[in-house]
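Structure at a glance
This is what each chain is made of:
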Amino acid sequence: MTRHSMIGQAARRPAIFAILVLVTGVITGMVLYSRDGFFGLNSDFVVAESPHGYGIPLRDEAFVQIARPGVLPSASRLEFIDGSPEPDQYAWQALTTLPGFVVAAGAFLLLWRLLWGARNGVYLPLVASRVRFLGWWLLAGGLLAPQIENLAMTRLLETVAPGEAGYQLRDVPLVVPLVGLGLLALASVLREGARMREDLEGVV
C-alpha cells in the first residue's frame, strides 16, 4: 500500500475530517438524547419497565376506534413511574442508557484514531493494532452493555415495584459483536500484511 492510499488521502482531507466530526456529533447526540433525555437525569421522574409481558386489554374508546371491528387492542409493556425519585434511582436510570452511549461514543473515537493512523497506508503495525482494539471494543461492548443496562433497569424496578423485579438476560443485537469479530479477523490480515511488507522492504 502506497503512502497516497485512498484511506490515507481521505484521512488527510479537511473536508473528510469535518464530515466525520459532524457525523460523529450527530450520532453521539442521537444516542445521548434518544431515550429518557439526558440519561433520564433531566426528568422529574424515573420510569422502570417490567421485564414480564402482559396482555392488558385497552377498552378505552380512543384505542378501540383505531382498530378494525372485532379487533381488541392490548398492551404488553408495563411501566412504573415514580414522580418523587431519590438520587440512587436517578443513578440507576442513567445506567439504563449510559453503557450503550459509552460504547457508541468510544467506537467513533477509535474509528477516527484508526483512520488517522491509516493516513500513510493500511499495512502498518499501528493500523493493525488499532483495528484489533476497535474489534475488541465492539465485541466486548456489544455483549456487556445490554446486560449492564438490563441490570440497572432491574435495580431501578426494585425501588418502585419489588415484586415485579426479576433479572433476565437481555437479547443481544448480533450486529455489533459480529462487526467486532470481523474487525479482529481483519486485524490479523493487516498484521500479516504489515509483516510481509517489512520483509519485502528488508529484502530491497
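1. A closer look at the overall build of the protein chain
If you tally the helices and strands in the protein chain, you get seven helices and four strands. Listed N to C, the secondary structure of the protein chain is α-α-β-β-α-β-β-α-α-α-α in terms of helices and strands. Burial status across the protein chain gives 31% buried among its 204 residues. Partitioning the contacts of the protein chain with sequence separation of at least 6, the portion at a separation of at least 24 is 76%. Entry remark: accessible area of the protein chain is about 12,600 Å², with carbon and sulfur atoms responsible for 67%.

2. So, the packing of aromatic side chains
For the structure shown, the criterion picks out one aromatic pair. Between Trp112 and Trp116, the aromatic rings sit 6.2 Å apart at their centres with planes inclined by 35°, giving tilted as the arrangement. Of the two residues, Trp112 and Trp116 both sit in helix 5 (residues 98–117), four residues apart, roughly one turn of that helix.

3. Some thoughts on helix 5
Counted at 1.5 Å a residue, the expected span for helix 5 with its 20 residues is 28 Å, and the 28 Å between its end C-alpha atoms agrees. All buried positions along helix 5 are accounted for by Pro99, Phe101, Val103, Ala104, Gly106, Ala107, Leu110, Leu114 and Gly117.

4. Quick word on the pattern of salt bridges
Taken as a whole and judged by the stated rule, the model has four salt bridges. One salt-bridge network, in which partners are shared between bridges, spans Glu49, Arg77 and Glu79.

5. Examining the environment of His52
Relative to the helices and strands, His52 resides in the loop between strand 1 (46–49) and strand 2 (56–57). Note on His52: relative accessible area 31%, which makes it partly exposed. Remark: the alpha-carbon pair of His52 and Ala165, spanning 113 residues in sequence, is separated by 8.9 Å. In contact with His52, not counting residues within four places along its chain, are Ser76, Glu164 and Gln168.

6. Focus: the confidence of the model for the protein chain
When pLDDT is averaged along the protein chain, the result is 80; 80% of the residues meet or exceed 70. Per-element averaging of pLDDT across the protein chain places helix 1 (residues 6–12) at the bottom with 56 and helix 6 (residues 125–160) at the top with 92.

7. Comments concerning the nonpolar core
Core analysis: the largest hydrophobic core is formed by 13 residues, its most contacted members being Leu114, Val127, Val131, Leu134, Leu138, Leu183 and Leu190. Elements represented by at least two residues in this core include exactly helix 5, helix 6 and helix 7 (175–203). Counting residues per element, this core draws most heavily on helix 6, which supplies five residues. Other than its neighbours up to four places away in sequence, Leu134 contacts Ala107, Leu110, Leu111, Leu114 and Leu183. Ala48, Leu156, Leu157 and Ala161 belong to the second largest nonpolar core, which has seven residues in total.

Calculation notes
Residues numbered from 1 in each chain as written. Predicted model: local features only at pLDDT ≥ 70, side-chain atom pairs only at ≥ 80, totals over all residues. Heavy atoms only, no water. Helix = DSSP H or I, 4+ residues; strand = E, 2+ residues; numbered from the N terminus. Buried < 20%, exposed > 50% of the residue type's maximum accessible area, 1.4 Å probe, protein only. Contact = heavy atoms within 4.5 Å. Areas by Shrake-Rupley, 256 points an atom, 1.4 Å probe, with all protein chains shown as cover. Phe/Tyr/Trp six-rings, centres within 6.5 Å; stacked < 30°, edge-to-face > 60°. Expected span 1.5 Å × (residues − 1). Salt bridge = Lys/Arg side-chain N within 4 Å of Asp/Glu carboxyl O. pLDDT = per-residue confidence, 0-100. Core = buried A, V, L, I, M, F, W, Y, C linked by side-chain atoms within 4.5 Å.

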